[in-house]
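# Chain and residue survey
One-letter residues, chain by chain:
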Amino acid sequence: MASKRGIPLVALLSLAIAACSSGGGGTPSTSSSSSRSANAGFGGPVASAAASAAAPIVVDRVFFRTPSKNIICDLGPSEVRCDMIRKSWSPPPKPSSCELDWGFGMHITGGKAGFTCAGDSLIGETEAETLEYGHAYRSGSVRCTSESTGLTCLDEKSGRGFTLAVSRYSLF
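Residues numbered from 1 in each chain as written. Predicted model: local features only at pLDDT ≥ 70, side-chain atom pairs only at ≥ 80, totals over all residues. Heavy atoms only, no water.

### A look at the pairing of strand E6 (residues 112–118)
Two elements, strand E5 (residues 101–109) and E6, share six bridges in a ladder whose sense is antiparallel. Within E6, the position partnered with Trp102 by the bridge is Cys117. The antiparallel hairpin formed by E5 and E6 contains two residues in its connecting segment, where Gly110 sits at a positive phi of about 60 degrees. (Pairing = 2+ DSSP bridges. Helix = DSSP H or I, 4+ residues; strand = E, 2+ residues; numbered from the N terminus.)

Written out as structure tokens, the structure is:
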């Protein structure tokens, strides 16, 4: 089958597919620098062009921390929990359903993102690996990307997630 200009339709489709799949999908960069502004990554799962170039490191389970050592996470099959040491923002009011510590981190469980209500902490996890800026881990449908502007975790199946940084947070 050929197009009007004599280029095989299969070749055109291959080019279209390659163009759509290269750089898309919001996967992280392997570069350690970031061209994002200080406000990027807040308000939704929009990735920068640099952060969309490389595939994440696929893991079954990993404890990791950001290079600043301020955010520590436990990423497992299609869920993640991240706790923070220092933050200048306040979480929303503690719900009556939470009888434990509230708002020191966020999680994605069952395709939904929210604040953590827990009686334990990931702070002090000695086996945590450092997830360098511009890199990402993925377990199941959840991907966490480390940037100098914050950490973003996204359930790619549900589109729900969060971004954490010292000065602000975002749930989407």
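Having seen the structure, we can now continue with the description.
### Observations regarding unusual backbone geometry
Even without being a glycine, Lys69 presents a positive backbone phi close to 65 degrees. Among the structural elements, Lys69 can be located in the loop between strand E2 (62–65) and strand E3 (71–76). Non-glycine residue Ser78 carries a positive phi angle of around 60 degrees. Of note, Ser78 is situated in the loop between E3 and strand E4 (79–84).

### Quick look at the sheet that holds strand E8 (residues 135–139)
Taken in spatial order, the six strands line up as E1-E8-E9-E10-E11-E12 in an open sheet, and their pairing is mixed. Each having just a single partner strand, strand E1 (57–58) and strand E12 (169–171) make up the two edges of the open sheet. As defined by bridge partners, strand E9 (residues 142–147) adjoins strand E10 (residues 150–155) across six bridges and the pair is classed as antiparallel. Paired with Val142 across the bridge in E10 is Asp155.

It is worth stressing that arrangement in space is one thing and function is another; only the former is reported here.
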